[in-house]
Amino acid sequence: AFRSLRDLAMMAMALQQVAKRTSVWRIDFASAFIGLAAAAGPHINGGQQILPRDMAEFAHALAHVLDLRLPRTKDALHESPVVEDIMRVLFSEARRSMHQSTGQDVAMLAGAAATAWLVMERLQKEGLRPYLVDAAQMARFRRNDFNSRDLALIAGAFARTELNPDGG
């Protein structure tokens, strides 16, 4: 059993690396990620404090495998209601705890939001856009917390989504 979102994030990051590097294994990575997303729900909604880094790493790993397909149905991972729900909750919680986030956490989540933006249209307005706008505001007002790489990643997220940093 996974004791924390940190455990799930570490597993997701490891699986994401393997899933993206090999196509010859007959492993159902999509189902594994759906299982991880389902397991993450109680940790995020359970009232325990979640570290921004854990949310960032979990969302980052999940966003970068959204194109995986379930072997039997051929449905993409981004079409899973479990995955959509957990991404919505992750970005909502990330906004609430943004004041505790490092520049790296914010940049990693901005990248995940931009990646998800391309395939999760229903999350754009109520989950991804608000996070990206808040990330831009944080970079603006706490610019000393961001290094040049973090700022470049956030700018790249806006370029990929064609959003204006003020939300337009």
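Q: What exactly am I supposed to notice about the nonpolar core here?
A: One finds Phe-33, Phe-58, Leu-62, Val-83, Ile-86, Met-87 and Phe-91 to be the most contacted residues of the largest nonpolar core, which totals 58 residues. Those elements that place two or more of their residues in this core are helix H1 (5-21), helix H2 (29-45), helix H3 (52-63), helix H4 (81-96), helix H5 (103-117), helix H6 (121-141) and helix H7 (148-161). If near-sequence neighbours (up to four positions away) are discounted, Ile-86 is found in contact with Ala-37, Ala-40, Gly-41, Ile-44, Phe-58 and Leu-62.

Q: Please clarify how the packing of aromatic side chains should be interpreted in this entry.
A: Centre distance and the angle of the planes are the two values used to describe a pair of aromatic rings. Taken as a whole and judged by the stated rule, the model has 1 aromatic pair. A ring pair is formed by Phe-91 and Tyr-131, whose centres lie 5.5 Å apart and whose planes are at 65 degrees; its orientation type is edge-to-face. Highlighted residues: Phe-91 in helix H4 and Tyr-131 in helix H6, separated in sequence by 40 residues. By the burial criterion, Phe-91 is buried, and Tyr-131 matches it.

Q: I would appreciate a short explanation of the packing of H5 against H7 in the present structure.
A: To describe two helices that pack against each other, one gives the angle between their axes and the distance between the axes. As a packed pair, H5 and H7 sit with axes 8 Å apart at the nearest point and diverge in direction by 20 degrees. With respect to their mutual orientation, H5 and H7 come out roughly parallel. Considering how the two elements wind past one another, H5 and H7 form a crossing that is left-handed. Note on element contacts: H7 touches H5 through Asp-150, Leu-153, Ile-154, Ala-157, Arg-160 and Thr-161, opposite Gly-103, Gln-104, Val-106, Ala-107, Ala-110, Gly-111, Ala-114, Thr-115 and Trp-117. Per-class residue counts for the contact of H5 with H7 are 8 nonpolar, 5 polar and 2 charged.

Q: What is the right way to look at H2 in this model?
A: Structurally, the α-helix is built with 3.6 residues per turn, so residues lying three or four positions apart point the same way. Taking 1.5 Å as the rise per residue, H2 with 17 residues should run 24 Å; its terminal C-alpha atoms sit 24 Å apart, in good agreement. Within the sequence span of H2, burial applies to Phe-29, Ala-30, Phe-33, Ile-34, Leu-36, Ala-37, Ala-40, Gly-41, His-43 and Ile-44. Those residues of H2 hidden inside the fold are in contact with H1, H3 and H4.

Q: Before we go on, may I ask you to explain the pattern of salt bridges in this structure?
A: Here the idea is simple: oppositely charged side chains can pair when their charged atoms come close. Counted by the stated rule, this structure contains 10 salt bridges. A single network of salt bridges, built from pairs that share partners, joins Glu-84, Asp-85, Arg-88, Arg-122 and Glu-126.

Q: Sorry, what's going on with the confidence of the model for the protein chain here?
A: A low pLDDT means the predicted coordinates there should not be read in detail. Taken over all residues, the pLDDT of the protein chain has a mean of 91, while the share at 70 or more is 96%. Element-level mean pLDDT values for the protein chain span from 91 in H1 up to 97 in H5.

Q: Help me understand unusual backbone geometry, please; the structure alone is not making it clear to me.
A: Backbone phi values are negative for most residues with the exception of glycine, while trans is the configuration of most peptide bonds. Phi is positive for Lys-74, which is not a glycine, with a value near 70 degrees. By secondary structure assignment, the location of Lys-74 is in the loop between H3 and H4. Residue classification places Lys-74 among the exposed positions, given a relative accessible area of 52%. The phi torsion at Glu-162 lies on the positive side, around 60 degrees, for a residue other than glycine. Take Glu-162: it is sitting in the segment after H7.

What counts and what doesn't
Residues numbered from 1 in each chain as written. Predicted model: local features only at pLDDT ≥ 70, side-chain atom pairs only at ≥ 80, totals over all residues. Heavy atoms only, no water. Core = buried A, V, L, I, M, F, W, Y, C linked by side-chain atoms within 4.5 Å. Buried < 20%, exposed > 50% of the residue type's maximum accessible area, 1.4 Å probe, protein only. Helix = DSSP H or I, 4+ residues; strand = E, 2+ residues; numbered from the N terminus. Contact = heavy atoms within 4.5 Å. Phe/Tyr/Trp six-rings, centres within 6.5 Å; stacked < 30°, edge-to-face > 60°. Axes fitted to C-alpha atoms, helices over the stretch in contact; angles between N-to-C directions. Parallel < 35°, antiparallel > 145°, perpendicular 65-115°, else oblique. Left-handed = near helix turned anticlockwise from the far one by under 90°. Nonpolar A, V, L, I, M, F, W, Y, C, P; charged D, E, K, R; others polar. Expected span 1.5 Å × (residues − 1). Salt bridge = Lys/Arg side-chain N within 4 Å of Asp/Glu carboxyl O. pLDDT = per-residue confidence, 0-100.

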